[in-house]
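Fold and contact review
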Amino acid sequence: MQTSLSGIGMTSMRTRQRLITRLMEQGIRDMHVLDVVRATPRHLFLDEALAHRAYEDTALPIGHNQTLSQPYIVARMTELLLNGKTSLKRVLEVGTGSGYQTAILAPFAERVFSVERIRPLQDKAKIRLRELGFRNVYFKHADGGFGWPEKGPFDAILSAAAPEVLPPELLEQLAVGGRLVIPVGGVRQQLVVVDRHEGGFSEQIVEAVNFVPLLKGVIA
Ligand code: SAH
């Protein structure tokens, strides 16, 4: 309660609108996505000491060497995943982290299946998202590089961590007509969009990005 109350002052509508204006200047066009970013309390996904920076357009630390993604990239990936639609059915998210990207995806999805390899991050995200009232998010503690085969195929897959090469398991779990948005590469990464058609896959490179690596195994 204390956190949310103190949050109100430092996260006035004016502060949030400044972020939205910046995202528009950077080329985010989907008004539904911008509305959800505006309405989502990013300060609640950070430790109190960092909460005052929540509406800056930067990535911020969430512990365990991981980061809360930059609002621009969250908005961009969501916009790409939606591809002009206003809703998606089954969405797989790899790398729950703080749960911020999950909170931006959930309003557009019938169900979000979110996989995280670091248990303490997942536990915190679960509590937060529950407190925020999300009822359509399902969590799995596992190596998300293998997707969540029992729940697929997915209409949309988003990865918040970068593999060196596209994981075949994620491609397999993509439904026909579905789209995967994922950063790929080592030191130099590109944001890649993969569409699955009847006959196969097509791939587009969107822009250079900087994500944490997709790591193997799990941390209890
Ligand atoms: N969108 C999140 C980003 C978190 S950073 C947020 O805004 O908070 C990326 C996350 O991917 C980290 O939490 C990291 O632990 C997780 N991750 C890395 N490799 C993974 C893997 N193989 N399976 C599942 N999660 C993974």
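Refer to the structure presented above.
Residues numbered from 1 in each chain as written. Predicted model: local features only at pLDDT ≥ 70, side-chain atom pairs only at ≥ 80, totals over all residues. Heavy atoms only, no water.

This part is about the pattern of salt bridges. This structure, assessed with the given rule, holds 8 salt bridges. A salt bridge links arginine 22 to aspartate 57, with the nearest nitrogen and oxygen atoms 3.2 Å apart. Separated by 35 residues along the polypeptide, arginine 22 in helix H2 (residues 13-25) and aspartate 57 in the loop between helix H3 (31-39) and strand E1 (60-63) bring together distant segments of the chain. Among the residues examined, aspartate 57 registers a relative accessible area of 8% and is labelled buried. Glutamate 207 is paired through a salt bridge with arginine 76; the nearest N and O atoms lie 3.5 Å apart. Of the two residues, glutamate 207 is situated in strand E9 (residues 200-209) and arginine 76 in helix H4 (residues 71-82); the sequence distance between them amounts to 131 residues. (Salt bridge = Lys/Arg side-chain N within 4 Å of Asp/Glu carboxyl O. Helix = DSSP H or I, 4+ residues; strand = E, 2+ residues; numbered from the N terminus. Buried < 20%, exposed > 50% of the residue type's maximum accessible area, 1.4 Å probe, protein only.)

Glancing now at the site of the ligand. The ligand sits among 25 residues. The nearest are Ser98, Glu116, Asp143, Gly144 and Leu215. At a separation of 3.0 Å, an oxygen atom of the ligand approaches a polar backbone atom of serine 69. For the ligand, whose accessible area on its own is 570 Å², the fraction buried by protein is 99%. Residue assignment for the shell around the ligand shows that the elements contributing at least two residues are strand E2 (66-68), helix H5 (100-105) and strand E4 (109-116). In terms of residues, the shell around the ligand owes the most to one element, E2, which gives 3 residues. A class-by-class count of the residues in the shell around the ligand yields 12 nonpolar, 10 polar and 3 charged. (Near = heavy atom within 4 Å. Polar contact = N/O pair within 3.5 Å; in protein donor to acceptor, adjacent residues only side chain to side chain. Areas by Shrake-Rupley, 256 points an atom, 1.4 Å probe, with all protein chains shown as cover. Nonpolar A, V, L, I, M, F, W, Y, C, P; charged D, E, K, R; others polar.)

Strand order in the open sheet formed by 7 strands is E5-E4-E3-E6-E7-E8-E9, and the pairing between neighbours is mixed. Both edges of this open sheet fall to strand E5 (137-141) and E9, since each of them pairs with a single strand only. On average, adjacent strands in this sheet sit at an angle of 15 degrees to one another, irrespective of strand direction. As judged from the 5 bridges shared by E4 and E5, these two strands associate in the parallel manner. Looking at the pairing, valine 115 lines up with lysine 140 of E5. (Pairing = 2+ DSSP bridges. Axes fitted to C-alpha atoms, helices over the stretch in contact; angles between N-to-C directions.)

Moving on, we come to H2. Spanning 13 residues, H2 covers 18 Å between terminal C-alpha atoms, matching the ideal 18 Å at 1.5 Å per step. In the segment just after H2, glycine 27 is the residue with positive phi, at about 105 degrees. (Expected span 1.5 Å × (residues − 1).)

Quick look at the packing of aromatic side chains now. All told, the structure shown has 4 aromatic pairs when counted by the stated rule. Geometrically, the ring pair formed by phenylalanine 45 and tyrosine 100 is edge-to-face, given 5.6 Å between the ring centres and 70 degrees between the ring planes. Of this pair, phenylalanine 45 sits in the loop between H3 and E1 while tyrosine 100 is found in helix H5, placing the two residues 55 residues apart along the sequence. With a relative accessible area of 1%, phenylalanine 45 lands in the buried category. Note on tyrosine 100: relative accessible area 2%, which makes it buried. Arranged with centres 5.3 Å apart and planes meeting at 25 degrees, the rings of phenylalanine 113 and tyrosine 138 form a pair that is stacked. Linking phenylalanine 113 in strand E4 with tyrosine 138 in strand E5, this pair joins segments that are 25 residues apart in sequence. (Phe/Tyr/Trp six-rings, centres within 6.5 Å; stacked < 30°, edge-to-face > 60°.)

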